Amino acid sequence: MATTAKEEMARFWEKNTSSNRPLSPHVSIYKWSLPMAMSITHRGTGIALSLGVSVFSLAALLLPEQFPHYLALVKSLSLGPALIYSAKFALVLPLSYHTWNGIRHLV
């Protein structure tokens, strides 16, 4: 005797509800490993880089002055070498990690 789709779905949900199983695997049940962390970091740096390029491109299109004006503005703030090198490091780290991890993946 054939059952309808509605009856099949009701039986499916009743079975899952009575067994107290999760609907799908969750990140918290997996044991973290180095490849898993590297993959997640690679995706995160890719998203951050694409957002950074998009923001920089929009700024270049929409801001009224040219790039040298804004560079002079940052230089006039006299931020100090520690902050400048920290900012440079924060910009280069995602780029270098994403690049070298991509090369590692291709090899």
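Throughout, residues of each chain are indexed from 1 in the direction in which the sequence is written. In keeping with the model being predicted, local features are shown solely for residues with a pLDDT of at least 70 and side-chain atom pairs are shown and tallied solely at 80 or more, while totals for entire chains, interfaces and linings include all residues. Working from all heavy atoms in the structure, the side-chain values ignore hydrogens and water.

Visitor: Lay out the UniProt feature "transmembrane region" (unreviewed entry) in the protein chain in plain terms, naming residues and giving numbers.
Guide: UniProt positions are given in the numbering used here, feature names are shortened, and annotations may be inferred rather than shown by experiment. The UniProt entry lists residues 44–63 and 83–100 under the feature "transmembrane region" (unreviewed entry), expressed in the numbering used here. As annotated, residues 44–63 has a helix share of 95% and a strand share of 0%, and its two end C-alpha atoms lie 28 Å apart. Summarising residues 83–100: 100% helix, 0% strand, and an end-to-end C-alpha distance of 26 Å. Secondary structure follows DSSP: runs of H or I at least 4 residues long count as helices, runs of E at least 2 residues long count as strands, and numbering of each begins at the N terminus.

Visitor: Which residues make up the packing of aromatic side chains, and what values go with them?
Guide: We call Phe, Tyr and Trp rings a pair once their centres come within 6.5 Å, taking the six-membered ring for Trp, and we label the pair stacked below 30 degrees between planes, edge-to-face above 60, and tilted otherwise. For the coordinates displayed, the defined rule picks out 2 aromatic pairs. When the ring of Phe 12 is compared with that of Trp 13, the centres are 5.1 Å apart and the planes differ by 75 degrees; the resulting orientation is edge-to-face. Residue exposure (1.4 Å probe, protein chains only): buried if accessible area is under 20% of the type maximum, exposed if over 50%, otherwise partly exposed. Assessed through its relative accessible area of 39%, Phe 12 is described here as partly exposed. Judged by relative accessible area, which is 40%, Trp 13 ranks as partly exposed. Each ring, one from Phe 56 and one from Phe 67, has its centre 6.3 Å from the other, and the planes form 70 degrees; the classification is edge-to-face. A residue pair is termed long-range when its members are at least 10 positions apart, and Phe 56 in helix α2 (residues 34–62) and Phe 67 in helix α3 (residues 67–76) qualify at 11 residues.

Visitor: Just give me the short version of the UniProt feature "binding site: heme" (unreviewed entry) in the protein chain, but keep the residues and values in it.
Guide: On the UniProt side, "binding site: heme" (unreviewed entry) is annotated at positions that read His 98 here. With respect to the helices and strands, His 98 occurs in helix α4 (residues 81–106).

Visitor: Tell me about the pattern of salt bridges, residues and numbers included.
Guide: The salt bridge criterion pairs a side-chain nitrogen of Lys or Arg with a carboxyl oxygen of Asp or Glu, the two atoms within 4 Å. On inspection of all chains with the given rule, the structure shows 1 salt bridge. Across the pair Arg 11 and Glu 8 runs a salt bridge, and its minimum N-O distance is 2.4 Å. You can see Arg 11 and its partner Glu 8 sitting in helix α1 (residues 5–19), 3 residues apart, about one turn around the helix.

Visitor: Can you tell me about a nonpolar patch on the surface, naming the residues and giving the values?
Guide: Residues enter patches when they are more than 30% accessible in relative terms and free of salt bridges; like-charged ones are connected within 9 Å and nonpolar ones (Val, Leu, Ile, Met, Phe, Trp, Tyr) within 5 Å. Here the open area of atoms and residues is found with the Shrake-Rupley method and a 1.4 Å probe, where only the protein chains shown may cover a residue. On the surface, Val 74, Leu 77, Leu 79, Leu 83 and Ile 84 cluster together into a nonpolar patch covering about 410 Å² of accessible area. Assignment of secondary structure puts Leu 83 in helix α4. Take Leu 83: its relative accessible area is 48%, and that puts it in the partly exposed class.

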